[in-house]
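# Descriptive analysis of the structure
Chain residues, written in single-letter form:
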Amino acid sequence: MKPYEWMVTYTPQTEWVERRGILIWLSLYAGILGGGSYLVSLYFNNLWGMFISWLIIAVLKSGFHVAHAERPLKLWRMILRPQTSWISRGLLITILLIVFGAIQLAFSYWLPGTAGEIVFKVLTGIMAFGIMIYAGFIMSYVNGIPFWNSALLPALFIVWGILSGLALVMAIGLDTARVDIGAVIAVSLVLLIVAIVLIVLYLWTATYEEPTAKQSVRELTRGYPAVVLGIGVVLCGIVVPLAISLSSYLSGNIPAPLAIVVLACEIIGGMAFTYSVLKVGLYSPLIPA
Amino acid sequence: MGEGIKNIFSSFKARGFDKVTGGKMTRWSMVIDLKQCVNCYACMIACKQEHFLPPGVYWNRLLVGEIGEYPRVRKLVYPLLCNHCKEAVCVNVCPTGASTRREDGIVTVDPDTCSGCQYCVIACPYQQRTLYVDKNKGYFPEAGLTELEVMGRKLYPLQPGTVIKCNFCMERIDKGITQGLKPGIDREATPACVNTCMVKARHFGDLDDPDSDVSMLIRARKGYSLHPEWGTEPSVYYID
């Protein structure tokens, strides 16, 4: 963008998607993936799934945030304003999930079926849901970027998180045989359809609500963002998993390599979706029309 | 009255609480007359000089745009700075409490508390915040920092890794008030961009005072702010 175009025409946000901002994209997605996987693993009582999800949040998500921080030693201050700031809330939720999750994993491994395990499962489940939803709220709170300023965004992140979680649990469950694969496939199918409906609704509402949001949708349909949306989100995130899930649902089982393909596709799809939304976030021009 | 008591009163006054006028609140505001503005960029340079701002960082800008189509094209120029919004989104989203709105309406960032997360940069719909990164970046990269730049880093030390923005030259306002001066009237207590404007297109004063220069201008010439529909209630108004 030329200097004379700054805030005179539609201006894209770059802080959270370019250069060091890539770390924010990765940490947001790691939160969605980790939170969704944790919730699904809790539901299916899959200890490996819970452990991997905990690692995704404790190591990947937190690591990306620390790597992005300009002044990491001051990160602790970010828990001070949960009353108004979604970043504060998110950090608190992340810390609580790491702590509750560690205790719950210990209970589940050494003292399964105890009251302590149940209590910490509930607490960790709430935090896992919180991690998924806060990523959406961080973005939807920004009213300066009309494309993000939508209640559908948190819902979409939740759906994508749970879809990725189901794929992860399905891949793990094939090996340990402790997951009802049929149920996982059926829920995945339903959620894939819900995801399609939500994405279409999200883009459709953006095109008529606000000119800047409409411009964001236009940006999604051309150039590099269009490739990311088409190959990443539509093909990898929806079409391939939908085809595999449908054939598996009809045949009654899913071969292990295909389960791995679904997991890889869901992760690529989720990352591509988060990236696309971040990339086409535009500010409205400041000069009155 | 002892010196200590005087200082306490001065400190209250600097934050908008004027004991003498019975606790009247202040909201510092700027009105920019677009008809007067000659697009000379002097305000931008004055701001850079006042705060020793490094290359690529602007607390004051001039937006130049066009509306209409040939042959009926009109050039629009909007001097732009932080709006010091009454409902400042940047303050709400700040997770550390570094961004605050003082009682006199000035929105500031405390560099000692800022963690550099940039949520405020993202959240500001007017895009008036910048992350200050490299303190060794000078205007003449081959020659290193000039003497003036070295002096500037000492006189106005910006902390790398923190978010910076226009502060309505609050140092001048605060110092001026403690000396009994009136911002917007006395040059020593008035923002640098207002002082430097050769056509007097910029006016500074108390928006909560109905008799102030800015309040009267807004009333008489139907002053407007940028994008009032965002509900941020800016303190910078334009008249044309």
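All residue numbers refer to positions counted from 1 along the written sequence of the respective chain. Chain letters and ligand numbers both follow the written order, the letters beginning at A and the numbers at 1. The predicted origin of the model limits local features to residues at a pLDDT of at least 70 and limits the giving and counting of side-chain atom pairs to 80 or more, whereas totals for whole chains, interfaces and linings rest on all residues. With hydrogens and water excluded, all non-hydrogen atoms of the structure serve as input to the side-chain values.

### So, unusual backbone geometry
All names here are of chain B. Put simply, Tyr 70 and Pro 71 share a cis peptide bond, and its omega is 5°. Tracing the chain through its elements places Pro 71 in the loop between strand 2 (60-69) and strand 3 (72-81). Even without a glycine there, the phi angle at Cys 169 is positive, about 50°. We count a stretch as a helix when DSSP gives it H or I for four or more residues in a row; a strand needs E for two or more, and each element gets its number in order from the N terminus. The topology assignment puts Cys 169 in the loop between strand 7 (162-164) and helix 6 (170-178). Owing to a relative accessible area of 6%, Cys 169 belongs among the buried residues under this scheme. In this model, His 227 sits at a positive phi of 50°, which is unusual for a non-glycine residue. Counting through the fold element by element, His 227 comes out in the loop between helix 8 (213-220) and strand 9 (236-239). Type-normalised accessible area, obtained with a 1.4 Å probe on protein chains alone, sets the label of each residue: buried when under 20%, exposed when over 50%, and partly exposed for intermediate values.

### Focus: the packing of aromatic side chains
To pair, rings of Phe, Tyr and Trp, with the six-membered ring standing in for Trp, must have centres within 6.5 Å; the planes then decide the type, stacked if under 30 degrees apart, edge-to-face if over 60, and tilted in the middle. This structure, assessed with the given rule, holds 20 aromatic pairs over all chains. Aromatic pair Trp 16 of chain A and Tyr 119 of chain B: ring centres 5.4 Å apart, planes at 20°, arrangement stacked. Of this pair, Trp 16 of chain A sits in the loop between strand 1 (11-12) and helix 1 (22-43) while Tyr 119 of chain B is found in helix 4 (residues 119-123), placing the two residues in two different chains. Aromatic side chains Phe 157 of chain A and Phe 273 of chain A sit 6.0 Å apart centroid to centroid with 80° between the ring planes, which places their arrangement in the edge-to-face category.

### So, the environment of Val 77 of chain B
Residues and elements named next belong to chain B. With respect to the helices and strands, the residue Val 77 is situated in strand 3. Val 77 sits 38 residues away from Asn 39 along the chain, and the two C-alpha atoms are 7.1 Å apart. The contact criterion used is simple: two residues touch if any of their non-hydrogen atoms lie within 4.5 Å. Leave out the neighbours within four places in its chain, and Val 77 touches Leu 34, Asn 39, Leu 62, Leu 63 and Val 64.

### A word on the environment of Trp 16 of chain A
Judged by its relative accessible area of 2%, Trp 16 of chain A falls in the buried class. Once the C-alpha coordinates of Trp 16 of chain A and Lys 279 of chain A are considered, the two residues, 263 residues apart in sequence, prove to be 8.4 Å apart. Beyond its immediate chain neighbours, meaning those up to four positions away, Trp 16 of chain A contacts Gly 21, Ile 24, Trp 25, Ile 138, Trp 148 and Leu 278 of chain A together with Cys 117, Gln 118, Tyr 119 and Ile 122 of chain B.

### Describing the pairing of strand 3 of chain B
Residue and element names in this part refer to chain B. A pair of strands is treated as paired once DSSP finds two or more bridges between them. Of the pairings in the sheet, the one linking strand 2 to strand 3 comprises ten bridges and is antiparallel in character. Across the sheet, Leu 63 pairs through a bridge with Tyr 78, a residue of strand 3. Where strand 2 folds back onto strand 3 in an antiparallel hairpin, the turn is made up of two residues.

### A closer look at the nonpolar core
Throughout, nonpolar core names a set of buried Ala, Val, Leu, Ile, Met, Phe, Trp, Tyr and Cys residues whose side chains join them through atoms within 4.5 Å. If you look at the biggest cluster of nonpolar residues, it comprises 129 residues, and the most contacted ones within it are Phe 147 and Trp 148 of chain A together with Phe 168 of chain B. No other element matches the 14 residues that helix 5 (residues 152-176) of chain A contributes to this core. The residues touching Trp 148 of chain A, leaving out its near neighbours within four places in the chain, are Gln 13, Trp 16, Met 139, Ser 140, Val 142, Leu 153, Tyr 202, Val 277, Leu 278 and Gly 281 of chain A together with Ile 122 of chain B.

### Considering the interface of chain A and chain B
At the interface, 34 residues of chain A touch 42 residues of chain B. Buried area, as used here, totals the accessible surface that two parts lose on assembly, with accessibility defined by a 1.4 Å probe and the loss added over both. The contact between chain A and chain B buries some 3200 Å² in all, and 61% of this surface belongs to carbon and sulfur atoms. Contact with chain B buries area across many residues of chain A, yet Trp 6, Arg 71 and Leu 286 of chain A alone supply 21% of it, more than any other trio. For salt bridges, the criterion is a side-chain nitrogen of Lys or Arg within 4 Å of an Asp or Glu carboxyl oxygen. Linking chain A with chain B are zero salt bridges. When contributions to the side of chain A that touches chain B are tallied by element, the ones reaching two or more residues are helix 3 (86-110) and helix 4 (115-140) of chain A.

### Section: the confidence of the model for chain A
Scored from 0 to 100, pLDDT reflects the predictor's confidence in each residue. Of the residues in chain A, 96% have a pLDDT of 70 or more, and the chain-wide mean is 86. Within chain A, no element has a lower average pLDDT than helix 5 of chain A, which sits at 84, and none a higher one than strand 2 (residues 282-283) of chain A, at 92.

### Considering the side chain of Gln 13 of chain A
Tracing the backbone through its elements, the reader meets Gln 13 of chain A in the loop between strand 1 and helix 1. Look at Gln 13 of chain A and you get buried, because its relative accessible area is 1%. At 3.2 Å, the side chain of Gln 13 of chain A forms a polar contact with the backbone nitrogen of Glu 15 of chain A. In terms of polar contacts, Gln 13 of chain A uses its side chain to reach the backbone amide nitrogen of Trp 16 of chain A, at 3.0 Å. Beyond its immediate chain neighbours, meaning those up to four positions away, Gln 13 of chain A contacts Ile 145, Trp 148, Leu 278, Gly 281 and Tyr 283 of chain A together with Ile 122 of chain B. N or O atoms within 3.5 Å of each other form a polar contact, as long as, within protein, one can give a hydrogen and the other can take it, and as long as residues adjacent in sequence are counted only when both atoms are side-chain atoms.

### What to know about a nonpolar patch on the surface
Grouping into patches uses exposed residues only, defined as over 30% relative accessible area, and leaves out salt-bridged ones; the cut-off is 9 Å for like charges and 5 Å for nonpolar side chains (Val, Leu, Ile, Met, Phe, Trp, Tyr). For accessible areas, the Shrake-Rupley method is used with a probe of radius 1.4 Å. Any residue's cover is judged against the shown protein chains and nothing else. Together, Trp 76, Ile 79, Leu 80, Leu 92, Ile 95, Val 99 and Ile 103 of chain A give the surface a local cluster of nonpolar side chains, amounting to about 570 Å² of exposed area. In this fold, Ile 79 of chain A is placed in the loop between helix 2 (47-68) and helix 3.

### Examining the side chain of Asn 195 of chain B
Relative to the assigned elements, Asn 195 of chain B resides in helix 7 (residues 192-196). Residue class for Asn 195 of chain B comes out buried when judged on its relative accessible area of 15%.

### Points about the sheet that holds strand 1 (residues 28-33) of chain B
All names here are of chain B. The strand order across the open sheet formed by three strands is 8-1-9, and the pairing between neighbours is mixed. For this open sheet the edge positions go to strand 8 (202-206) and strand 9, each flanked by a neighbour on one side alone. Across the sheet, the axes of successive neighbouring strands diverge by a mean angle of 25°, strand direction being ignored. As judged from the four bridges shared by strand 1 and strand 9, these two strands associate in the parallel manner. Note on strand 9: the bridge partner recorded for Val 31 is Tyr 237. The angle between two axes is taken between their N-to-C directions and runs from 0 to 180 degrees, where each axis is a line fitted to C-alpha atoms and a helix contributes only its stretch in contact.

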